[in-house]
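Understanding the architecture of this molecule
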Amino acid sequence: MVVSGIGDNELYARVREEESASLRSAAGNAVRFALAVVAVVLVWARGPQLLAVWVPVVDLSSWRQLVLFPLAVLGVGAFAAGAEAVGDASRGLRARSIRRRVDRDPDQIAMLVPPRETHMASVQAVRSHRSATVRRLLWVGVPVALFVGVLVGGVSVEEPDGTRRPAPELEPAVLGFVTLVAALLLVSVALRWRRWKAGRTVEKWSTDPAYSARISPLGPDPAWSRAAEIPALTVKFITPPRSGGDIRQVSLRSNVIGAKPVQIVYLRLFDNRARAREFLRGAWREFGYVHLLRSAASVGPDEVRKIRRDNTFRTMFVASPRMLREELAKHPAEPFPPGRRRLMGVTDLAVKVRDPAGSYPVRPILCHVSFWQAAVDMLLSRVDYVVLDLAGYLPANAGTRFELQRVIDRFPITEVVFLCDGKSDRAFLKAQVLHHWSRMDSRSPNAGTTPRTARIAVTDGHRATTRYLMADLQVRHG
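Residues numbered from 1 in each chain as written. Predicted model: local features only at pLDDT ≥ 70, side-chain atom pairs only at ≥ 80, totals over all residues. Heavy atoms only, no water.

1. Some remarks on the nonpolar core
As a rule of thumb, soluble globular proteins bury nonpolar side chains together. Residues Leu293, Leu324, Ile365, Cys367, Phe371, Val386 and Phe418 are the most contacted members of the largest nonpolar core, which totals 57 residues. Per-element accounting of this core gives the leading share, seven residues, to helix α13 (residues 372–380). If we skip the residues at most four places from it in the chain, Ile365 touches Leu292, Leu293, Arg294, Val318, Leu324, Glu327, Leu328 and Leu379. Core analysis: the second largest hydrophobic core is formed by 31 residues, Tyr266, Val351, Val387 and Ala471 among them. (Core = buried A, V, L, I, M, F, W, Y, C linked by side-chain atoms within 4.5 Å. Buried < 20%, exposed > 50% of the residue type's maximum accessible area, 1.4 Å probe, protein only. Helix = DSSP H or I, 4+ residues; strand = E, 2+ residues; numbered from the N terminus. Contact = heavy atoms within 4.5 Å.)

Following this line, the structure appears as structure tokens:
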């Protein structure tokens with residue numbers, strides 16, 4: 001059985017290094033702060049007198065004013081050193097606390113040690129509708145301030161001789177331009193606000209206890225028991241090449257490499273919109289039908305308005321096995337021809353894609369909050385391959401954490417592709433996979449004694465890399 005320990009674990013070495021380095025830096029900055037404070041006191045108390053003795057042509061009162069300049073520099077230095085000392089001490093003590101908790105419970109190291117700062121770059125790359133609304137609303141203040149400034153101070157122009165004169169004849173044009181800019185910004189604010197409001201509305205509907213009470217219960221999962229034999233797992237990071245190759249136009253009978261179209265489930269962080277868009281622009285849809293769960297943010301204002309008008313609240317969410325089967329059955333099977341198109345209802349905004357070989361339709365599913373976990377289980381039982389994007393993943397992402405454990409417990413690891421981006425913390429992601437692997441369910445198809453390998457592909461959304469990755473997977477596993 002594989003049991004994680006601290007030994008020479010890279011995460012443990014990292015947290016120890018951060019603890020010692022931060023505390024050493026804090027001590028050094030504390031010394032700098034103390035020396036700067038002493039220098040401020042000495043310069044203020046004794047500086048003018050000593051300078052008056054050394055340079056008697058300048059009187060004492062003048063020296064007391066002149067030393068204010070070096071005092072200001074020393075004061076800024078003392079403040080900077082003190083702030084850095086406090087920050088370093090805080091980081092060092094936090095790392096020490098994590099290290100002590102890991103010492104007490106080594107198996108929880110993956111849950112305790114945070115990733116590097118760059119790990120969250122893809123999540124932070126795209127602002128939510130709410131933050132974008134606030135940001136653009138603040139920008140509206142610029143033309144409003146200019147408008148007020150023109151009304152109060154008027155407009156002036158510079159003459160050839162360098163003098164300035166009032167130009168009231170230009171005020172209407174300037175006010176019109178500023179008003180137009182403000183109006184355009186307000187329109188963009190309104191559009192973003194409508195998207196954010198629609199997502200919030202759907203999220204409230206999804207958690208409505210009155211609706212949840214009407215859903216037929218599925219019953220509890222069978223009692224969980226840890227697998228008696230958990231094989232050794234090697235976590236391998238790969239960077240697929242951007243190699244070209246012959247491609248075929250997709251059809252109902254054959255995909256881009258001439259093999260049978262496959263069923264793929266794509267799991268990811270809902271908050272990582274940038275990675276979801278990269279996935280959709282990749283070559284995955286050339287190999288078969290992609291199933292994924294929709295987030296509330298992907299539901300647009302027009303959909304919300306139609307639901308309210310038609311009073312279809314009860315059927316908007318997939319909330320039972322029967323509804324999931326019906327939802328999957330109603331999606332078209334006919335592939336799209338080569339060309340450009342917009343994929344709607346998958347992420348928070350439409351995604352423009354170009355499919356040189358055509359593609360198969362994406363099958364997004366909007367689940368009620370009380371059913372989405374059961375939907376993941378049903379999808380895992382129906383698909384050929386799983387693609388789980390771990391870019392930006394943290395243990396606090398409860399949904400993706402559940403999916404990661406479920407994939408290990410329910411699906412052959414040889415038919416799973418984990419994804420990350422170039423800025424992901426690889427040691428951190430490796431620890432996450434190993435942590436959940438060590439908690440494998442006894443009914444997992446991965447249980448046994450044969451060593452396994454989990455592949456984490458570092459992808460950037462380039463179509464050639466994802467085509468190589470999926471083609472290699474399908475060829476190896478038929």
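Right, picking up where we left off after that structure.
2. So, the packing of α13 against helix α14 (residues 398–410)
In the contact formed by α13 and α14, the axes pass within 11 Å of each other and the chain directions differ by 30°. α13 and α14 meet at a crossing whose hand is right-handed. Residue-level contacts link Trp372, Gln373, Val376, Asp377 and Leu380 of α13 to Gly399, Phe402, Glu403, Arg406, Val407 and Arg410 of α14. A class-by-class count of the residues in the contact of α13 with α14 yields five nonpolar, two polar and four charged. (Axes fitted to C-alpha atoms, helices over the stretch in contact; angles between N-to-C directions. Left-handed = near helix turned anticlockwise from the far one by under 90°. Nonpolar A, V, L, I, M, F, W, Y, C, P; charged D, E, K, R; others polar.)

3. Quick look at helix α3 (residues 68–104)
In a regular helix each residue adds 1.5 Å, so 37 residues correspond to 54 Å; α3 covers 53 Å between its end C-alpha atoms and thus fits that length. Those residues of α3 that sit buried are Leu71, Ala78, Ala81, Gly82, Ala85, Asp88, Gly92, Ala95, Ile98, Arg99 and Val102. Each element contacted by the buried residues of α3 is listed here: α1 (10–54) and α4 (109–112). (Expected span 1.5 Å × (residues − 1).)

4. A closer look at α1
At Arg46, α1 shows its largest bend, some 50°, and a proline, Pro48, comes one to four positions later. Along α1, the residues classified as buried are Leu11, Tyr12, Arg14, Val15, Glu19, Ser22, Ala26, Asn29, Ala36, Gly47, Pro48 and Ala52. Looking at the buried residues of α1, the elements they touch are α2 (60–66), α3, α4 and α15 (426–437). (Bend = angle between axes of the 7 residues up to and from the residue.)

5. Quick word on a nonpolar patch on the surface
A contiguous nonpolar surface patch, about 540 Å² in accessible area, is contributed by Leu50, Val53, Trp54, Val55 and Val57. Within the secondary structure, Val53 sits in helix α1. By relative accessible area, Val53 is classed as exposed at 61%. (Patch = residues over 30% accessible without salt bridge, like charges linked within 9 Å, V, L, I, M, F, W, Y side chains within 5 Å. Areas by Shrake-Rupley, 256 points an atom, 1.4 Å probe, with all protein chains shown as cover. Salt bridge = Lys/Arg side-chain N within 4 Å of Asp/Glu carboxyl O.)

6. A few points about the layout of surface pockets
The calculated volume of the second largest pocket comes to roughly 500 Å³. Glu303, Thr315, Met316, Glu327 and Lys330 are, among the 17 residues lining the second largest pocket, the residues nearest its centre. When contributions to the lining of the second largest pocket are tallied by element, the ones reaching two or more residues are α10 (301–310), α11 (313–316), α12 (321–330) and β8 (362–365). Per-element accounting of the lining of the second largest pocket gives the leading share, four residues, to α12. (1 Å grid on protein atoms, 1.4 Å probe; cavity = no way out; pocket = protein on both sides within 12 Å on 5 of 7 lines; lining within 4 Å. Points joined across faces, edges and corners; volume = space filled by probe spheres on them.)

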